[in-house]
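Structural features, examined
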Amino acid sequence: MAEGPGTLYVVGTPIGNLGDLGKRAEETLSIVDAVVAEDTRRTRALLSHLGIGRKPVVSLDANATERAVTDLAERLAGGETLALVTDAGTPGVSDPGAKLVRAASLRGVPITSVPGPSAVTAAVAVSGLVDGPFLFLGFLPRKGTKRAGMVAKIRASEFPVVLFEAPGRADDTLRDLAQVMPDREACVARELTKVHEEVRRGTLAELAKAGITARGEFTIVVSRGADADGNAEEGPPDSDVDALIAERLEAGDSPRTVATDVAARWNKPRREIYARVLEAARRRGG
């Protein structure tokens, strides 16, 4: 039996091109007792590629229970050595790995990073839009007030913003962003490091108009929302705000819901927007 706790290795794996796997990562995956993976199928394929396909693999996905996390942390505390990996890239970035890291640290388990590829830094590097701090927001909420609020946060950000987007939803995201900041420069990186890698640049309006027909994993970089002197962008024209209010009322949304969503989308005072919504509803009724 081990006299002390084992070690949790946080291992970065390729985001597409298997040639990007570092030698240290390969050695680590070879020596650990087991690999903890977000997607066991992808991880088993990687391990088979490395010739260690018989290595035990334990699932830890977004639906993992607290009991499952605790069990793994107890295994580490008991002396086992585990490697944590995600679908692709570096664990702890828009994946459930942070739960295990926290649980292990609370038990005094040594935690070691084995750095590797990351879609975030890869997209930042090829975008040409980042020369200092940036804001990473991961995946946007799919709909509703939370999504509108995050779009407003992007618009108001003084830093460039990096987003992930899943296949089939990149078009919607570009349209939502272009609606409130059409002239903002952006870069859309698809399938980074893979055979069909594609990097497109332009304003959000241009990118949204061109549309996205190809599938794949997307990373979107949006330029900062203030000029070099720190002056904030002008807000949307009143006609755009009123048009969206009218559209939402026509769709049957309640005035309160419309006011909340529109205010969040353009970072405006809700009371001001609510008054405009009520006026628009009165005109429709008249």
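Residues numbered from 1 in each chain as written. Predicted model: local features only at pLDDT ≥ 70, side-chain atom pairs only at ≥ 80, totals over all residues. Heavy atoms only, no water.

The backbone of E191 shows a phi angle near 55°, a positive value even though the residue is not glycine. Among the secondary structure elements, E191 is positioned in the loop between strand 8 (185-190) and strand 9 (198-203). On the accessibility criterion, E191 (16% relative accessible area) is buried. Residues other than glycine seldom take positive phi values, yet T193 does so here, at roughly 75°. Tracing the backbone shows T193 in the loop between strand 8 and strand 9. Its relative accessible area of 23% is what places T193 among the partly exposed residues. (Helix = DSSP H or I, 4+ residues; strand = E, 2+ residues; numbered from the N terminus. Buried < 20%, exposed > 50% of the residue type's maximum accessible area, 1.4 Å probe, protein only.)

Moving on: the packing of helix 10 (residues 255-265) against helix 11 (residues 270-285). Running from N to C, helix 10 and helix 11 cross one another at 135°; their axes reach a closest spacing of 8 Å. As the angle between them shows, helix 10 and helix 11 are arranged oblique. Handedness of the helix 10/helix 11 crossing: right-handed. Within the contact between the two elements, helix 10 uses P255, R256, V258, A259, T260, V262 and A263 and helix 11 uses R270, I273, Y274, V277 and L278. Partitioning the contact of helix 10 with helix 11 into residue classes produces nine nonpolar, one polar and two charged. (Axes fitted to C-alpha atoms, helices over the stretch in contact; angles between N-to-C directions. Parallel < 35°, antiparallel > 145°, perpendicular 65-115°, else oblique. Left-handed = near helix turned anticlockwise from the far one by under 90°. Contact = heavy atoms within 4.5 Å. Nonpolar A, V, L, I, M, F, W, Y, C, P; charged D, E, K, R; others polar.)

Note that T28 resides in helix 1 (residues 23-31). Setting aside residues up to four positions removed in sequence, T28 forms contacts with Y9, V11 and V114.

Attention shifts here to the side chain of R184. Position of R184 among the secondary structure elements: in the loop between helix 7 (170-180) and strand 8. At a separation of 3.0 Å, a polar atom in the side chain of R184 contacts the main-chain carbonyl oxygen of S223. (Polar contact = N/O pair within 3.5 Å; in protein donor to acceptor, adjacent residues only side chain to side chain.)

We now examine the packing of aromatic side chains. Inspection of the entire model under this criterion finds two aromatic pairs. On the basis of an interplanar angle of 70° and a centroid distance of 5.0 Å, the ring pair of F136 and F164 is categorised as edge-to-face. Note that F136 is positioned in strand 6 (residues 135-139) and F164 in strand 7 (residues 161-165), a separation of 28 residues in sequence. Of the residues examined, F136 reaches a relative accessible area of 26% and is grouped as partly exposed. Using a relative accessible area of 12% as the deciding quantity, one classes F164 as buried. Among the aromatic residues, those joined into a ring-pair cluster are F136, F139 and F164. (Phe/Tyr/Trp six-rings, centres within 6.5 Å; stacked < 30°, edge-to-face > 60°.)

Taking strand neighbours across the sheet as the criterion, the five strands line up as 6-7-10-8-9 in an open arrangement whose pairing is mixed. Two strands bound the open sheet, and with one partner strand each, they are strand 6 and strand 9. Pairs of neighbouring strands in the sheet enclose a mean axial angle of 15°, with direction left out of account. In this sheet, strand 10 (residues 218-222) lies alongside strand 8 in antiparallel orientation, the contact comprising five bridges. In the sheet register, C187 faces strand 10, and the bridge partner there is V221. (Pairing = 2+ DSSP bridges.)

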